[in-house]
Amino acid sequence: MQYIHCLNNISKYGTDLLPDTYELTEEFDKSTGVLVRSAAMHDMEFPESLLAIARAGAGVNNIPLDRCAEEGIVVFNTPGANANAVKEIVICGLLLGSRGIVEGIEWCRENADDENIAKAAEKAKKAFAGREILGKKLGVIGLGAIGAQVANTAIDLGMDVYGYDPYVSVGAAWRMSSEVHHVTNLDDIFRECDYITIHVPAMEGTIGMVDAHACELMKDGAVFLNFSRDTLVANAAMAAALESGKVHAYITDFAVPEVMRMNGAIVLPHLGASTAEAEDNCAIMAVRELVNYIENGNIVNSVNYPACDMGACPAGGHRVAVMHKNVPNTVSQITNAFGEEGVNIENLTNKSRGDFAYTLLDIDQEAPEAAIAKLNSIDDIRRVRVVC
Ligand SMILES: NC(=O)C1=CN([C@@H]2O[C@H](COP(=O)(O)OP(=O)(O)OC[C@H]3O[C@@H](n4cnc5c(N)ncnc54)[C@H](O)[C@@H]3O)[C@@H](O)[C@H]2O)C=CC1
Ligand SMILES: O=C(O)C(=O)COP(=O)(O)O
């Protein structure tokens, strides 16, 4: 039996796909696989039984990726599965930053008991007048699954769109409208655009990238949208920019105390991916990745181990997975360990990613205990698993 622990609510459409040999468990300590959304995992200790963590979503900054790699735990995410949900809320954010919608709603609530509210509204509304997004310049920082969709929809809405992403994938570039202007200097986005939206992961190199310098460059009355992560924006700089009127509105999906104290921030409680469709899509993809890894040793959409796919375990066949450091002489030690026991390797895939590597082998007989013991004794090997 394989035990799966959910650290957050995971859609039933995903967990219903778990085979009969899997059971959802409340006990983290006996889990083979973990399904998670935004639960903080950095301070957690992982049980020896844990093979994989699947993040039903995009951002993995809540998971200690390097420590997981060291402990032979594969971490997956679900690229693109919630991108449409985020795109739609970003479009909503553009409008929230353009029109006095939030203030107008607040005014109506405050005046709910006024019998003459209709007349009062006609008088009050001039305080909530806004501007249109048609023809305005939108800067998109990060043109991955979400950024590319935001750029395309903004083009459809008649905006003039500028995109910046030095690492854009070929797939995302293909999906993006040719009308998106390609920007190679981030400062130009800050300098030129009326609206700016950021869609990059929070990691070394992006944390704090919207700093005092960026705010200083922005056009007077710019609107900044952050549906990616709170840490991308330096809060003190944004607070000052809002205070001075440099930034007209800061629309963010991250309710942190510093932001709650900012005048001019419109704050949502991390709602970007909270649609039924996105939750179902993410859960389905996460469960498929987890089961494919546990059953076949295949790695699809991992963020800390290389991709590796040898198809389904051959019927009646034998497969061994070895997770190891990406250092010289490891693959030969692995093949020797089997060779010395008279085992023939029928298929072998070896892939690396940064400091770690993965070797998946189909062998012609049940893996001999002596070979497995030998592999487990090698320093640079992190985990050896008989898959089937
Ligand atoms: N508010 C919410 O509920 C949600 C928030 N997110 C956040 O949005 C982020 C992006 O999600 P996706 O578009 O699905 O990810 P993605 O991986 O498809 O796209 C990220 C893009 O950022 C680019 N990038 C990386 N470093 C960059 C830099 N320094 N400058 C410019 N571009 C850079 C990459 O090349 C990639 O194209 C996630 O990492 C997550 O933090 C994602 C989903 C839901
Ligand atoms: O996918 C992401 O990166 C998100 O931020 C969505 O987070 P959630 O699954 O709603 O906790």
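Bear in mind the structure is a predicted one, so any value in this text is a computation, not a measurement. (Residues numbered from 1 in each chain as written. Chains lettered and ligands numbered in written order. Predicted model: local features only at pLDDT ≥ 70, side-chain atom pairs only at ≥ 80, totals over all residues.)

A. Local environment of the overall build of the protein chain. Helix and strand counts for the protein chain stand at 14 helices and 16 strands. Principal-axis analysis of the C-alpha atoms places the extent of the protein chain at approximately 90 × 45 × 35 Å. Evaluated residue by residue, the protein chain yields a buried proportion of 41% over its 388 residues. Restricting the contact set of the protein chain to residue pairs at least 6 apart, pairs at least 24 apart contribute 64%. (Helix = DSSP H or I, 4+ residues; strand = E, 2+ residues; numbered from the N terminus. Buried ≥ 20, exposed ≤ 12 C-beta atoms within 10 Å, placed from the backbone. Contact = placed C-beta atoms within 7 Å.)

B. Representation of the UniProt feature "domain: ACT" (unreviewed entry) in the protein chain in the model. According to UniProt, the feature "domain: ACT" (unreviewed entry) maps to residues 319–388 in the numbering used here. In the segment residues 319–388, helix accounts for 26% and strand for 43%; the C-alpha atoms at its two ends are 5 Å apart. (UniProt positions renumbered as here; feature names shortened; annotations may be inferred.)

C. Summary view of the environment of Cys-92. Structurally, the position occupied by Cys-92 is in helix α3 (residues 83–96). Sequence-wise, Cys-92 and Leu-134 are 42 residues apart; in three dimensions their C-alpha atoms are separated by 14 Å.

D. Examining the site of ligand 1 more closely. In the vicinity of ligand 1, 34 residues are found, and the nearest of them are Gly-59, Gly-142, Gly-144, Tyr-167 and Gly-272. Among the elements of the structure, α3 and α6 (145–156) are those that each provide at least two residues to the shell around ligand 1. With three residues, α6 is the largest single contributor of residues to the shell around ligand 1. Per-class residue counts for the shell around ligand 1 are 18 nonpolar, 13 polar and three charged. Looking at which domains feed residues into the shell around ligand 1, each of domain 1 (1–82 + 273–305) and domain 2 (84–267) supplies at least three. (Near = placed C-beta within 6 Å. Nonpolar A, V, L, I, M, F, W, Y, C, P; charged D, E, K, R; others polar. Domains from an automatic or database assignment.)

E. Structural view of the packing of helix α13 (residues 330–339) against helix α14 (residues 369–376). At a minimum axis distance of 8 Å, the contact between α13 and α14 shows a crossing angle of 155 degrees. Relative to α14, the element α13 is oriented roughly antiparallel. For the pair α13 and α14, the sense of crossing is right-handed. Contact residues: Ile-334, Ala-337 and Phe-338 in α13; Ala-371, Lys-374 and Leu-375 in α14. Partitioned by chemical class, the residues of the contact of α13 with α14 number five nonpolar, no polar and one charged. (Axes fitted to C-alpha atoms, helices over the stretch in contact; angles between N-to-C directions. Parallel < 35°, antiparallel > 145°, perpendicular 65-115°, else oblique. Left-handed = near helix turned anticlockwise from the far one by under 90°.)

F. Molecular detail of the packing of α3 against α6. Relative orientation of the contacting elements α3 and α6 amounts to 45 degrees, with a least axis distance of 9 Å. In terms of orientation, α3 lies oblique with respect to α6. Between α3 and α6 lies a crossing of right-handed hand. Mapping the contact onto sequence places Ala-83, Asn-84, Val-86, Lys-87, Val-90 and Ile-91 in α3 and Ala-145, Ile-146, Gln-149, Val-150 and Thr-153 in α6. For the contact of α3 with α6, a count of residues per class yields seven nonpolar, three polar and one charged.

G. Spatial organisation of the sheet that holds strand β2 (residues 22–24). Read from one edge to the other, the open sheet built from five strands follows the order β2-β1-β3-β4-β5, with strand pairing classed as parallel. The sheet is open, and its two edges are formed by β2 and β5 (74–76), each paired on a single side. For this sheet, the mean inter-axis angle between neighbouring strands, taken without regard to orientation, is 20 degrees. Looking at chain direction, strand β1 (residues 2–6) and strand β3 (residues 33–36) are connected through three bridges and run parallel. Bridged to Ile-4 within β3 is Gly-33. Along the sheet face, helix α12 (residues 276–296) touches β1, β3, β4 (52–55) and β5 and points at about 160 degrees away from the line of β4. (Pairing = 2+ DSSP bridges.)

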